[in-house]
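# Reading the structure
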Amino acid sequence: MGLSANTSKSWGDACRSFLNPKVIALLFLGFSAGLPILLIFSSLSLWLREAGVERSAVTFFSWAALGYSFKFVWAPLVDRIPLPVLNHWLGRRRSWLLVSQLAIVGALLFMAANNPVDGLFWVAAGAVMLGFSSATQDIVIDAYRIEAADDELQAMMSSAYIAGYRIGMIVAGAGALALASWFTVTDGVYDYQAWAWAYRCMAGFMLVGLITTLVIDEPVNNERAAESHRSVVDYLRFLLLFIISAAAFVTAFTQLASPLNSLREIFIEQDIASSLAGFATGSLRLLSSVFMAGLTAWFLTRMQLAPKAMVRETYIAPFADFFERYGKVAFYILLLVGTYRIADVVMGTIANVFYDDMGYTKAQIATITKTFGLVMTIAGGFLGGVMAVRYGVLRILWVSALLAALSNLLFAVLANLEPSSLSLSLVIAADNLSGGMSGAAFIAFLSGLTSRAFTAMQYAIFSSLMTLMPKLLAGYSGTFVDAVDYPMFFIGSAMLGLPVLWLVSYVGRLMESVEPKN
């Protein structure tokens, strides 16, 4: 499987893995994946504020993030539907990758062509297009990474991907702001053309990903090659089914907003905590929308809009395959996937507020936690990749989980010290180094779980599940801090990591007893 210890690799062999062309390719593809996300959020928010857009209107752009949250819904399309002409020329993964990257470029240019002052709706539409295209690119890159190399190289490829992703975020964040400032004619005066040219430059940076896509080889996937082939009419029928079902989901999601907001207010009036009321109504809104989409798909399938066998292969078979390969062990694996990052995410949500409350300056926060922290995260990712190749993914998964919990204890110590750049730097170094290690090892672990027959769908499910529970608990971080103060909160968040250590060990032993067919 490539997840257990592999001591046959020397340190030299592990380090030389960085020079593998497939690993280098993931560095550039990671850059392409990390570039768009801040162009939807922080950089775009600043552009809108300079344009005089009200804060209430800026929140409308949160819809652009839906593509990242629900990418598992259309991930099966990437797995199953070949693109006409391009599929024959480039192969399935590279053809989808090229189309998604061209769509990102198109969305960025479209946003640059519209001034938020008199074309806010079109800028918002462009942001949604950008989010959907970027999420699609993420799906394809994940599938390509898993199919392009054996399990033993996945940790190194994950490390390269994380490094490229972080560099892309720097370019889209600080880089876009620097370009907008450089293009501005008069300081202190909103300049639409400055932002437009900044976004056009970002579209130009996407050439890194486009060129990489054209240079790399299509991964060989014998399991996907053996899948049943359908006629063009069947693919079109299935695509129509998906579009109608997606429309049902969006319609339900938007129409339920007002009545569920009213229900939330009723809950609050009944002395139910606003955070709990928001979670309950938000979950009801999501589940109701998913039910409506599923009901629509079921009805249209019964009406024979799309072949039943094709729907079963696309949405049911990936789940059945996972449970068939791992049996009862699958439930423990899913529990590990859903809780592994819990200590890190719960603590990270409150981190910036903590720095401010402790009296650290904005300059210290920016320089130490952002710039220096980014370097340590990248270093941790590469260290985790090398160690995973040398010692095995599961061992490093356990070690990095332990280090992540211990780093939370360092924040408890930091909470009792006077503000100091040195002490903050030491804690950030430990925290981000362990975070980078755990990120690389965890991505490699998820990649090893994925069947080559359902790469895009299964990995999209895993990547969504791994943040669901941590984010739900993280929403209460502020409440916990108010109740127990920072030191006890950080100690408590570290304790959350203890069950994860047991789970990693237990799952490791269980997985040694099964040999999934992958």
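Residues numbered from 1 in each chain as written. Predicted model: local features only at pLDDT ≥ 70, side-chain atom pairs only at ≥ 80, totals over all residues. Heavy atoms only, no water.

### So, the overall build of the protein chain
When helices and strands are tallied, the protein chain shows 25 helices and zero strands. By residue count, 51% of the 518 residues in the protein chain fall in the buried class. As displayed, the protein chain has an accessible area near 23500 Å², and 68% of this comes from carbon and sulfur atoms. (Helix = DSSP H or I, 4+ residues; strand = E, 2+ residues; numbered from the N terminus. Buried < 20%, exposed > 50% of the residue type's maximum accessible area, 1.4 Å probe, protein only. Areas by Shrake-Rupley, 256 points an atom, 1.4 Å probe, with all protein chains shown as cover.)

### Section: the pattern of salt bridges
Under the defined criterion, the tally for this structure stands at six salt bridges. Measuring nitrogen to oxygen at the nearest pair gives 3.0 Å for the salt bridge that ties aspartate 142 to arginine 145. You can see aspartate 142 and its partner arginine 145 sitting in helix α9 (residues 116-148), three residues apart, about one turn around the helix. When sorted by exposure, aspartate 142 lands in the same class as arginine 145, which is buried. (Salt bridge = Lys/Arg side-chain N within 4 Å of Asp/Glu carboxyl O.)

### Describing the packing of helix α21 (residues 393-414) against helix α22 (residues 421-449)
Between α21 and α22, whose axes approach to 8 Å, the crossing angle comes to 155 degrees. When the axis of α21 is compared with that of α22, the two are roughly antiparallel. Considering only the axes of α21 and α22, their crossing is left-handed. Broken down by class, the residue content of the contact of α21 with α22 amounts to 18 nonpolar, six polar and one charged. (Axes fitted to C-alpha atoms, helices over the stretch in contact; angles between N-to-C directions. Parallel < 35°, antiparallel > 145°, perpendicular 65-115°, else oblique. Left-handed = near helix turned anticlockwise from the far one by under 90°. Nonpolar A, V, L, I, M, F, W, Y, C, P; charged D, E, K, R; others polar.)

### So, the nonpolar core
If you look at the biggest cluster of nonpolar residues, it comprises 76 residues, and the most contacted ones within it are Leu35, Leu39, Leu44, Leu108, Leu130 and Tyr199. At eleven residues, the largest contribution of residues to this core is made by helix α2 (residues 21-40). Not counting residues within four places of it along the chain, the set of residues in contact with leucine 39 comprises Leu44, Leu108, Met111, Leu130, Ala172, Ala176, Tyr199 and Met202. One finds Ile396, Ala412, Leu424 and Phe490 within the second-largest nonpolar core, a separate group that totals 58 residues. (Core = buried A, V, L, I, M, F, W, Y, C linked by side-chain atoms within 4.5 Å. Contact = heavy atoms within 4.5 Å.)

### Regarding unusual backbone geometry
What is expected of a backbone is that most residues other than glycine have negative phi and most peptide bonds are trans. You will see that valine 85, though not glycine, has its phi angle at about 70 degrees, which is positive. Counting through the fold element by element, valine 85 comes out in the loop between α6 (71-80) and α7 (86-90). What makes valine 85 exposed here is its relative accessible area of 71%. For glutamine 304, which is not glycine, the phi dihedral falls at a positive 65 degrees. Within the fold, glutamine 304 resides in the loop between α16 (274-302) and α17 (308-326). A relative accessible area of 58% means that glutamine 304 is categorised as exposed.

### Some details on the packing of aromatic side chains
Each aromatic ring pair is summarised here by two numbers: the centre-to-centre distance and the angle between the ring planes. Evaluation of the coordinates by the stated rule reveals 24 aromatic pairs. When the ring of phenylalanine 322 is compared with that of tyrosine 326, the centres are 5.3 Å apart and the planes differ by 50 degrees; the resulting orientation is tilted. With phenylalanine 322 and tyrosine 326 both in helix α17, this residue pair falls four residues apart, about one helical turn. This pair shows no difference in class: phenylalanine 322 is buried, exactly as tyrosine 326 is. An aromatic cluster is defined as three or more aromatic residues linked by ring pairs; in this entry it consists of Phe354, Tyr355, Phe411, Tyr486, Phe489 and Phe490. (Phe/Tyr/Trp six-rings, centres within 6.5 Å; stacked < 30°, edge-to-face > 60°.)

### Observations concerning the confidence of the model for the protein chain
For residues with low pLDDT, the predicted coordinates do not support detailed interpretation. Mean pLDDT over the protein chain: 84, with 89% of residues reaching 70 or higher. Of all secondary-structure elements in the protein chain, the lowest mean pLDDT belongs to helix α13 (residues 222-225), at 52, while helix α12 (residues 207-215) reaches the highest, 96. (pLDDT = per-residue confidence, 0-100.)

### Re the side chain of serine 438
Tracing the backbone through its elements, the reader meets serine 438 in helix α22. Here the side chain of serine 438 touches glycine 435 through a polar contact of 3.0 Å, landing on its backbone oxygen. The contacts of serine 438, once residues within four sequence positions are left out, are Tyr340 and Ser400. (Polar contact = N/O pair within 3.5 Å; in protein donor to acceptor, adjacent residues only side chain to side chain.)

### Observations regarding a nonpolar patch on the surface
The grouping of Trp398, Val399, Leu403, Leu406, Leu409, Val484, Met488, Ile491, Met495 and Leu498 at the surface amounts to a nonpolar patch, some 810 Å² of accessible area in total. Elements supplying a minimum of two residues to the nonpolar patch: α21 and α24 (477-495). Counting residues per element, the nonpolar patch draws most heavily on α21, which supplies five residues. (Patch = residues over 30% accessible without salt bridge, like charges linked within 9 Å, V, L, I, M, F, W, Y side chains within 5 Å.)

### Topic: the environment of tryptophan 74
Topologically, tryptophan 74 is positioned in helix α6. Taking the relative accessible area as the measure of exposure, tryptophan 74 reaches 7% and is therefore buried. Separated by 386 residues in sequence, tryptophan 74 and alanine 460 place their C-alpha atoms 9.5 Å apart. Dropping the residues within four chain positions of it, tryptophan 74 is found in contact with Gly67, Phe132, Ala135, Thr136, Ile139 and Phe242.

### Regarding α9
Compared with an ideal rise of 1.5 Å per residue, which puts 33 residues at 48 Å, α9 spans 42 Å between its outermost C-alpha atoms and falls more than 12% short. Approximately 45 degrees is the largest bend angle found in α9, and it occurs at tryptophan 122. In terms of burial, α9 is largely enclosed, as 24 of its 33 residues are buried. (Expected span 1.5 Å × (residues − 1). Bend = angle between axes of the 7 residues up to and from the residue.)

### Examining the side chain of arginine 94
Here arginine 94 is to be found in helix α8 (residues 92-112). Put simply, arginine 94 is tucked away with no salt bridge, and the nearest opposite charge, on glutamate 218, sits 4.2 Å away. (Lys, Arg positive; Asp, Glu negative; His and termini not counted.)

### Re the environment of glycine 209
Assignment of secondary structure puts glycine 209 in helix α12. A sequence separation of 112 residues divides glycine 209 from leucine 97, and the C-alpha atoms of the two residues are 9.0 Å apart. When neighbours within four sequence positions are excluded, glycine 209 is seen to be in contact with Leu29, Ser32 and Gln101.

### What about α6?
Side chains that are three or four residues apart share a direction in an α-helix, a result of its 3.6 residues per turn. Within α6, eight of the ten residues are buried, which leaves the element mostly enclosed by the surrounding structure. By the burial criterion, the buried members of α6 are Lys71, Trp74, Ala75, Pro76, Leu77, Val78, Asp79 and Arg80.

### So, the environment of alanine 148
For alanine 148, the position within the fold is in helix α9. Here the alpha-carbon distance between alanine 148 and proline 219, two residues 71 residues apart in the chain, equals 4.8 Å. In this view, alanine 148 contacts Lys22, Met157 and Pro219; residues no more than four positions away in its chain are not counted.

### Quick look at the packing of α6 against helix α14 (residues 232-255)
Direction vectors running N to C along α6 and α14 enclose 170 degrees, while the axes themselves pass 11 Å from each other. In terms of orientation, α6 and α14 fall into the roughly antiparallel class. The residues of α14 that touch α6, namely those facing Val73, Trp74, Leu77 and Arg80, are Tyr235, Phe238, Leu239 and Phe242. The residue makeup of the contact of α6 with α14, split by class, is seven nonpolar, no polar and one charged.

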